[in-house]
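Read off the chains here:
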Amino acid sequence: MTALSLLQVFSEATPEPGFCGFYEECGRNPTVGGIPLIPPIVPCFDPSAARHLTGDKNMFLLQVCPMMDQGENNTYACCSMKQLQSLDRSLTLSKAVLVRCPSCVENFAHLHCINTCSPNQTQSVKVTKVMNVTYLGTTREAVVAYQSYLSSTFANAAFQSCKNVRIPATGGFAISTMCGRYGAKLCTAQRWYDFQGDSSNGLAPLDIDFQIIKDSDVEGLPDDVIPYNGRALRCNETTPLGGEVCSCQDCQESCPSMPPLPQPPPPFSLFGIDGFFVLSIILLCLLILRIIQPSEVTCSDRNSLAAQAFMSRLFQRWGTLMASYPLTVILVAAVIVIAFSVGLKSIKLTTDPVELWSAPNSRARQEKDFHDAHFAPFFRTNQLILTAPQRKGHIYDSLLFGKQNFSGLISKDLIIELLELQEKIRKIEFWSEELNSTASLTDVCYAPLNPSNPSPTDCAVNSLPQYFQNSLDNINAKVNMTELGVTKEVDWRDHLIYCLNSPLSFKDITDLGMSCMADYGAPVFSFLAVGGYNDDEYTNAEALILTFSLNNYIRDNPKFKVALQWEKEFLKIVQEYQRNPNANFTFAYMAERSLEDEINRTTAEDIPIFMISYAVIFVYIAVALGEYNSWKRILVDSKFLVGLGGILVVGCSVLASMGFYSWIGIPSSLVILQVVPFLVLAVGADNIFIFVLEYQRDVRRPGETREEHIGRALGQVAPSMLLCSLSESVCFFLGALSTMPAVKAFALYAALAVLMDFVLQMTAFVALLSLDARRQDKNRCEIFCCATVSTQHPNKPNEGFLLPFMRKYYAPFLLHIGVPVYFVTKRGFNFTTVEGMNAICSSVGCDQFSMTQKIRYATEFPERSYLAIPANSWVDDFIDWLNPGSKCCRLYTFGPNNGNFCPANISGLLCRDNCMEKPVGGVLRPTETEFNRFLPHFLGNRPDLKCSKGGLGAYDTAVVRDESGEIIASRFMAYHTPLTNSQEFTAALLKARELASNITKSMRNISGTSEDFEVFPYTITNVFYEQYLTIVPEGLFNIGLCLLPTFVVCCLLLGLDLRSGLLNLLTIIMIVMDTVGIMTLWSIDYNAVALINLVTAVGISVEFVSHMTRTFALSTRLTRVERAKEATANMGSAVFAGVAMTNLPGILVLAFAKAQLIQIFFFRLNLVITLLGMAHGLIFLPVLLSYFGPGVNKAVLLQAQQAKQKLEMSSKMREVYDNIGYEEEEAKDTSTTKTPADTNRQSDSIESEDRVDSF
């Protein structure tokens, strides 16, 4: 047809009322290539008068296009019965996703009914292209393109009524599937209509150029053309046939007014100033006040003296006994340790994080168990994130989409390489002992649309190649395409641009005509395919994402091991690819098993670090315990074997504790294996130093045996060792009251280990020291026992280096400075009643404050609720699926299946009856019988183009029914906002629980609901982050329980000395508080592991503080300053050597550990604890005692004076006897010198007097 004749033909279509531009169907559109989603049947070009419709034609018109009803005798139209049937089929596809909002469905149908059937068609429709089409042997002119003129008022109102309609299964907007590459975010009225009029989308049979004309704008408008300006319904209006207003979920205007949110509480303040700052100033002022002068001997003094005297005598006798039979004691101790340690054969290590950090009776754990029992665990994720940072990008000038930036990563060669890697992983096969056959991905993969018997293409694999259905041919496909007179080649890039923006499309708008859906039948959303992009510039992404999803199983299920084995093979392939020098990707990867693998790997790799740490500590102890008076005696006076013995005592106490608890069935963990030895070593090394240094600083008295000397030294320090060990042990036993399994187990293991360490120190270590002292007295070398040296050991106290330094310099100086979230329903709610459905759903006719509506309201405040996308709802989609307008639920009308359910993919000729009649008023609700009959069909119906509301994949696992058909559990999936740290995860859990509690209360008001019915939120991370909801009170409870025995034991063992107990308690509290403060500054999260370390901090703090407090309390110096100096010099040096210098070398070695857990919670936190303990114990405490310490214990002072008088009398008597002996021996050789014994006695006497004075 020539252009002149074509123009003449178009002019025949008179633009006046009552005339048509086209009529009847002429066959298939020859311009539509590929395989369209619906047959592209186009109308015949037929400028003629509109036809009068009567009878069945009129009834059918009113059914499809009710807005065109002008009365039975006055209805005219420009469409035939065939056209109406095709229009009905076409509208059905859209109604399936828009049926939730009646006014939107009405407006959508309104537009296409006017274009197709309006009796005044030529006034608003201008035919622009016709072609000869042969249909049933007849060739006719067919319309393949036209312009449709709409007023902006009608066009915008129709768009506004539809733009917020949601797809419950995905939580997204229906408009996103109807706006091409723009999606819901960038969709406008013009873009919405442009997509509907684009024949390349597979849905439109011909091209429609929608011209939206402003109401007052007539410039450029063709003559006699009148833009259609019918009335479009608002979404909060009822339809002419009685359809209800759209719900709040789909229509913002239907939402009730919400009260303003309450403001958060203001920060704590006093007098308009930061309250905590004011309290700090008040405490500082209190610290500068001095205390009253000491009083005379009191009952408290006598109690303290009696307690100290009793314990000293008891431990002195005990020490003498242990030192007298060292070999027997060591043998008995070894037998006891071995008897306990045999239990290690039954040891069980807990590695499952859920078992470690979530108590079996905790709310999150019970919710997880309920969810997993009814819905199976979350599927397992195995993922690669691939980048190519060195590749340059390019700009692609697309025919359809204009210029687009493509990063260097988004290139054909890399997409093909990714596809090859993906297919290699997909073809993994291995022999499975559990299945006794060859296993593959299909045995364990998550296949949402074919879970019973999946093929490889049914497995959920999300990646960018899925936009091409993993087909190399589709990636390489290209075709020339003409758009607006411009012809260019379109290829994989055009298809990709479209799919990234419209992943729910079954056909792109290019002449390639390819689908965007993955080969397993579901969409791949852009955030599952690419990453590292800004805004919606997906083609400029810097990362490709490849995800294999596997079913998860309980650990007792044989398939659990099959899944683990598949993941192992997955990791092998990925690691092999990573080592390939020809690989173009740089990538990170993870498998579901990676967390446990990484814990095990880093633990194994960090074992040498721990061994080096303990070796450094051993070397330090061995060197620091030695007495170095002469180079000739260095091998005699060293204490390598004593140091080794002390380490063995610690190791034996840990083994005994672990063995005992293994006997009784309490499992251990890696945390226990790493923390408890360190804790016991810190406690044990301190006691070792205090005991050995006391022995070295004291000289043997005249006539005193080695064993008595050891017993006397033990009597002096054992009460202090008992004070610390008993405080720590009771502290940890009380810590076992914690509800956190890991904290509870740690506390039990630590308590018994500390107790066993003290017992072994009082027995085996005393015996070991006795043997070493015997060797040293005989001048035998430590390692080469048969070798001796001639240089004698000086019989004088050995102060070492630290004691003089503390006494002369430090002490005097110191005292002059000041993911998806499920809302799960339990048994007890009747979903089959109208009231029950309305209390759940969010579509037309549902309660404004139904469950899903409340969740939707919460998403309006994501910064407070941490919810981003409303919950999907199987109830809503089930109702839509039943709606006759969706054409999803139909019944066979004849044949052997007459009356049975007929799937949507079966021809309509066989299934003419709908499951339910069209509802009066537009609100459809099934009866209880209909509900129970059709629900299984809905859940098993695979969604496709003809019925997008099928529940298979989205909901088949979301509803659990018992044998009677009662729903005993169901879930509704929403999405959190991105959560990046523990605070946000915790707040999200708390807000979700608040929302679920509110929903539970309102649903219990529905008649027939059980009183114990409950809705709870569940996501996989809840069991890990629930601890943060209670960890502050839990921590205060545990630390409080630990602090209580430190105060009580200190008071009791010091003879009810309340002041010493309070000062001791205050210092330990300050160490813990300062540790928590530095944790914040050093980015150490407060969690269960940190809580374990804080409980440990209490134990270590006792070592730093209690020894000093006891020494001060028993000092007889006249002033507090002098007593603080003495305590700092004598005991401070032992504490510094035994605790600080023992811990620090081992802690510093942990800085080289690879595991972040070790670096943060063991290196950082223990370093902080040790440094703060040292600072408070050796700096703050002495100053505190010099101001607030208790007065001199008069009873102790009196005893010291009496002891001094006895020594003086004994000295005088000795002088008398010496004079008599001198006179009798005067005649003897006067040149005889004094014997060494006499010299020793004299020095002993002088030393005794000095010790009494200092005591």
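Small disclaimer: the values here were computed from a predicted structure and weren't measured. (Residues numbered from 1 in each chain as written. Predicted model: local features only at pLDDT ≥ 70, side-chain atom pairs only at ≥ 80, totals over all residues. Heavy atoms only, no water.)

1. Things to note about the state of the cysteines
Alright, step 1. One pass over the full model with this rule turns up 15 disulfides.
Alright, step 2. Across the disulfide from Cys179 sits Cys187; the S-S distance is 2.0 Å. Residues Cys179 and Cys187 are joined through a disulfide that is right-handed, its torsion about the S-S bond being 90°.
Alright, step 3. Of the residues examined, Cys179 reaches a relative accessible area of 2% and is grouped as buried.
Alright, step 4. Here Cys445 is linked by a disulfide to Cys459, with a sulfur-sulfur distance of 2.1 Å. (Disulfide = S-S within 2.5 Å. Buried < 20%, exposed > 50% of the residue type's maximum accessible area, 1.4 Å probe, protein only.)

2. A few points about helix H23 (residues 706-735)
Helical geometry: 3.6 residues make up each α-helical turn, so side chains three or four residues apart lie on a common side.
Alright, step 1. Compared with an ideal rise of 1.5 Å per residue, which puts 30 residues at 44 Å, H23 spans 41 Å between its outermost C-alpha atoms and is within 8% of the ideal.
Alright, step 2. At Val717, H23 shows its maximal bend, which comes to roughly 45°, and the proline Pro719 appears one to four places after that position.
Alright, step 3. The buried count for H23 comes to 24 of 30 residues, which makes it a mostly enclosed element. (Helix = DSSP H or I, 4+ residues; strand = E, 2+ residues; numbered from the N terminus. Expected span 1.5 Å × (residues − 1). Bend = angle between axes of the 7 residues up to and from the residue.)

3. Considering the packing of helix H27 (residues 851-859) against helix H31 (residues 982-1003)
A pair of packed helices is captured by two measures, namely the crossing angle of their axes and the spacing between those axes.
Alright, step 1. Two elements in contact, H27 and H31, have axes separated by 10 Å at closest approach and are oriented at 150°. With respect to H31, the element H27 is oriented roughly antiparallel. Remark: the crossing between H27 and H31 carries right-handed chirality. Of the residues in H31, those in contact with Met851, Lys854, Ile855 and Ala858 of H27 are Leu995, Asn998, Ile999, Ser1002 and Met1003. (Axes fitted to C-alpha atoms, helices over the stretch in contact; angles between N-to-C directions. Parallel < 35°, antiparallel > 145°, perpendicular 65-115°, else oblique. Left-handed = near helix turned anticlockwise from the far one by under 90°. Contact = heavy atoms within 4.5 Å.)

4. Let's talk about the sheet that holds strand S28 (residues 901-902)
Alright, step 1. One open sheet holds the three strands; their spatial order is S28-S27-S29, and the pairing between them is antiparallel. Single-partner strands in this sheet number two, and they are S28 and strand S29 (913-914).
Alright, step 2. Of the pairings in the sheet, the one linking strand S27 (residues 890-891) to S28 comprises two bridges and is antiparallel in character. In the strand pairing of S28, Leu891 is matched with Phe901. (Pairing = 2+ DSSP bridges.)

5. Quick notes on the side chain of Thr825
Alright, step 1. Structurally, Thr825 can be placed in strand S25 (residues 820-825).
Alright, step 2. Using a relative accessible area of 0% as the deciding quantity, one classes Thr825 as buried.
Alright, step 3. Side-chain polar atoms of Thr825 contact the side chain of Ser970, separated by 2.6 Å.
Alright, step 4. Contacts of Thr825, omitting those with residues within four sequence positions, involve Phe370, Phe831, Met851, Ile968, Ala969, Ser970, Phe972, Phe1013, Glu1014 and Val1015. (Polar contact = N/O pair within 3.5 Å; in protein donor to acceptor, adjacent residues only side chain to side chain.)

6. Concerning the pairing of S25
Alright, step 1. Counting buried positions along S25 gives five out of six residues, so the element sits mostly inside the fold.
Alright, step 2. Bridging between S25 and strand S31 (residues 967-976) involves six bridges; their strand directions are antiparallel. Within the sheet, the bridge partner assigned to Tyr822 lies in S31 and is Met973.
Alright, step 3. Pairing between S25 and strand S32 (residues 1015-1018): four bridges, direction antiparallel. The residue bridging Tyr822 from the neighbouring strand is Tyr1018, located in S32.

7. Regarding the confidence of the model for the protein chain
Alright, step 1. Confidence in the prediction of the protein chain, expressed as mean pLDDT, is 82, and 85% of residues score 70 or more.
Alright, step 2. Averaged over each element, pLDDT in the protein chain is lowest for helix H38 (residues 1236-1254) (39) and highest for helix H13 (residues 412-426) (95).
Alright, step 3. Every residue in residues 798-803 scores below 50 in pLDDT, and together they form 15 contacts with partners more than four places removed in sequence or on other chains.
Alright, step 4. Between residues 1227-1255, whose pLDDT stays under 50, and residues either more than four places distant or in other chains, the model counts 32 contacts. (pLDDT = per-residue confidence, 0-100.)

8. Remarks on the side chain of Glu417
Alright, step 1. Mapped onto the secondary structure, Glu417 falls in helix H13.
Alright, step 2. One buried charge, Glu417, has no salt-bridge partner; the nearest side chain with opposite charge is Arg391, at 6.7 Å.
Alright, step 3. A polar atom in the side chain of Glu417 sits 2.7 Å from the side chain of Asn584.
Alright, step 4. The residues touching Glu417, leaving out its near neighbours within four places in the chain, are Tyr577, Ala583, Asn584 and Phe585. (Lys, Arg positive; Asp, Glu negative; His and termini not counted. Salt bridge = Lys/Arg side-chain N within 4 Å of Asp/Glu carboxyl O.)

9. Notes on the nonpolar core
Alright, step 1. With 130 residues, the main nonpolar core has Trp357, Val676, Phe691, Phe732, Phe746, Val1098 and Phe1161 as its most contacted residues.
Alright, step 2. Counting residues per element, this core draws most heavily on helix H24 (residues 741-777), at 22 residues.
Alright, step 3. Once residues lying within four places of it in the same chain are set aside, the contact partners of Phe732 are Leu679, Phe746, Ala747, Ala750, Ala751, Val754, Val1095 and Thr1096.
Alright, step 4. One finds Leu414, Phe468, Ala529 and Tyr577 within the second-largest nonpolar core, a separate group that totals 69 residues. (Core = buried A, V, L, I, M, F, W, Y, C linked by side-chain atoms within 4.5 Å.)

10. As for the packing of helix H10 (residues 326-341) against H24
Alright, step 1. Two elements in contact, H10 and H24, have axes separated by 9 Å at closest approach and are oriented at 145°. The two elements H10 and H24 meet at a crossing, and its hand is left-handed. Only Leu760, Thr763, Ala764, Ala767, Leu768, Ser770, Leu771 and Arg774 of H24 make contact with H10, whose side of the interface consists of Pro326, Leu327, Val329, Ile330, Ala333 and Val337.
Alright, step 2. Tallied by class, residues from the contact of H10 with H24 come to 11 nonpolar, two polar and one charged. (Nonpolar A, V, L, I, M, F, W, Y, C, P; charged D, E, K, R; others polar.)

11. A word on the pattern of salt bridges
Any two side chains of opposite charge can pair if their charged atoms end up close together.
Alright, step 1. Throughout the structure, instances matching the rule amount to 27 salt bridges.
Alright, step 2. With its nearest N and O atoms 3.2 Å apart, the salt bridge here joins Arg426 to Asp519. In this pair, Arg426 is assigned in helix H13 and Asp519 in the loop between helix H16 (492-501) and helix H17 (526-529), connecting sequence segments 93 residues apart.
Alright, step 3. Its relative accessible area of 8% is what places Arg426 among the buried residues.
Alright, step 4. For Lys949, the salt bridge is made with Asp877, and the minimal N-O distance between the two is 2.9 Å.

12. Examining unusual backbone geometry
Alright, step 1. Of note in this structure, Asn470 is not a glycine but carries a positive phi near 55°.
Alright, step 2. Although it is not a glycine, Lys887 adopts a positive phi angle of roughly 60°.
Alright, step 3. If you trace the backbone, Lys887 turns up in the loop between helix H29 (874-882) and S27.
Alright, step 4. A residue is classified by how much of its surface remains accessible, and Lys887, at 29% relative accessible area, is partly exposed.

13. Focus on the environment of Ala839
Alright, step 1. Tracing the chain through its elements places Ala839 in the loop between helix H26 (834-838) and H27.
Alright, step 2. For Ala839, a relative accessible area of 6% puts it in the buried group.
Alright, step 3. For the pair Ala839 and Ser1002, spaced 163 residues apart in the sequence, the C-alpha separation amounts to 8.6 Å.
Alright, step 4. Beyond its immediate sequence surroundings of up to four residues, Ala839 is in contact with Phe829, Asp847, Ser850, Met851 and Ile1006.

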